[in-house]
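So the chains spell out like this:
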Amino acid sequence: MSYAQETRLNRLPEDVPRHVHKLFDVWRAATCGNALPDRKDLSSDTLSLWINDIGIYEYLPDRRDFVVRIDAPNMIAASGENYQGCSPHQIDLDFGTRVHATLLDVIDSRQPAFHIIGVERKVWEEWVRLLLPVQTRDRAGKAVLQILVAHFFYRGR
């Protein structure tokens, strides 16, 4: 799989499937004013409808990098690669993308981001990508920032 294009969107397209909008609605409902949603409010039970679509990228502030804690099964199937435990830099190297820079934008802004990803495989495909920042705590109680990264097949041409 190689990414041919990545287009940032101001909002989700109206014509994406309802379950994609529902994921964003669940994330938005978990926000507390201007605070990021807490992962305890976005548990695996809450996100079970999207279990195959969501990867979790954890921010490592000391290195200004991320580690892929969970790679989304649908992206593993689409790419043939599993990046769990890796930095998004590896994804960028393998596919010529700017995933790392995009993740940093989300961390810095603390705002969600939406993209259409054009992919050339056997045929041209488009995927919609949601990047949803969240927070959790480590075992010592220290705040940890993460991004829920969800990809959904959008349309093929």
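What comes next is a walk through the structure. Note that this is a predicted model, so its numbers are computed, not measured. (Residues numbered from 1 in each chain as written. Predicted model: local features only at pLDDT ≥ 70, side-chain atom pairs only at ≥ 80, totals over all residues. Heavy atoms only, no water.)

Most of strand β2 (residues 54–60) sits inside the fold, with six of its seven residues counted as buried. Looking at chain direction, β2 and strand β3 (residues 65–70) are connected through five bridges and run antiparallel. Looking at β3, one finds that Leu60 is bridged to Asp65. What sits between the antiparallel neighbours β2 and β3 is a turn of four residues, in which Arg64 has the positive phi angle 50°. (Buried < 20%, exposed > 50% of the residue type's maximum accessible area, 1.4 Å probe, protein only. Helix = DSSP H or I, 4+ residues; strand = E, 2+ residues; numbered from the N terminus. Pairing = 2+ DSSP bridges.)

As a further point, take the packing of aromatic side chains. In total, this model carries four aromatic pairs according to the counting rule given. Between Phe24 and Trp27 the ring centres are 5.7 Å apart and the planes differ by 20°, which places this aromatic pair in the stacked class. Taken together, the positions of Phe24 and Trp27, both in helix α1 (residues 18–30) and three residues apart, correspond to about one turn of that helix. Since its relative accessible area comes to 13%, Phe24 is described here as buried. (Phe/Tyr/Trp six-rings, centres within 6.5 Å; stacked < 30°, edge-to-face > 60°.)

Backbone geometry places Arg64, a non-glycine residue, at a positive phi of 50°. Here Arg64 is to be found in the loop between β2 and β3. Exposure remark for Arg64: the relative accessible area of 35% places this residue in the partly exposed category. Within the chain, Arg110 stands out as a residue other than glycine whose phi angle is a positive 60°.

Each pair of packed helices can be summarised by the angle the axes make with each other and by the distance between the axes. Where helix α3 (residues 88–95) meets helix α4 (residues 99–109), the axes come as close as 7 Å, and the angle between the chain directions of the two elements is 140°. Taken together, the axes of α3 and α4 lie oblique to each other. Here Pro88, His89, Ile91 and Asp92 of α3 lie close against α4, whose contacting residues are Val99, His100 and Leu103. A per-class count over the contact of α3 with α4 returns four nonpolar, two polar and one charged. (Axes fitted to C-alpha atoms, helices over the stretch in contact; angles between N-to-C directions. Parallel < 35°, antiparallel > 145°, perpendicular 65-115°, else oblique. Contact = heavy atoms within 4.5 Å. Nonpolar A, V, L, I, M, F, W, Y, C, P; charged D, E, K, R; others polar.)

This part is about the pattern of salt bridges. According to the stated counting rule, one finds six salt bridges in the structure shown. With its nearest N and O atoms 3.8 Å apart, the salt bridge here joins Arg11 to Glu14. Residue Arg11 is classed as exposed on the basis of its relative accessible area, which comes to 54%. For Glu14, a relative accessible area of 64% translates into the label exposed. Between Arg69 and Glu58 there is a salt bridge, with its nearest N and O atoms 3.1 Å apart. With Arg69 in strand β3 and Glu58 in strand β2, this residue pair connects regions lying eleven residues apart in the sequence. When its relative accessible area of 41% is taken as the criterion, Arg69 is described as partly exposed. Judged by relative accessible area, Glu58 falls into the buried class, the value being 14%. What emerges from the salt-bridge pattern is a single network uniting Arg18, Asp25 and Arg28. (Salt bridge = Lys/Arg side-chain N within 4 Å of Asp/Glu carboxyl O.)

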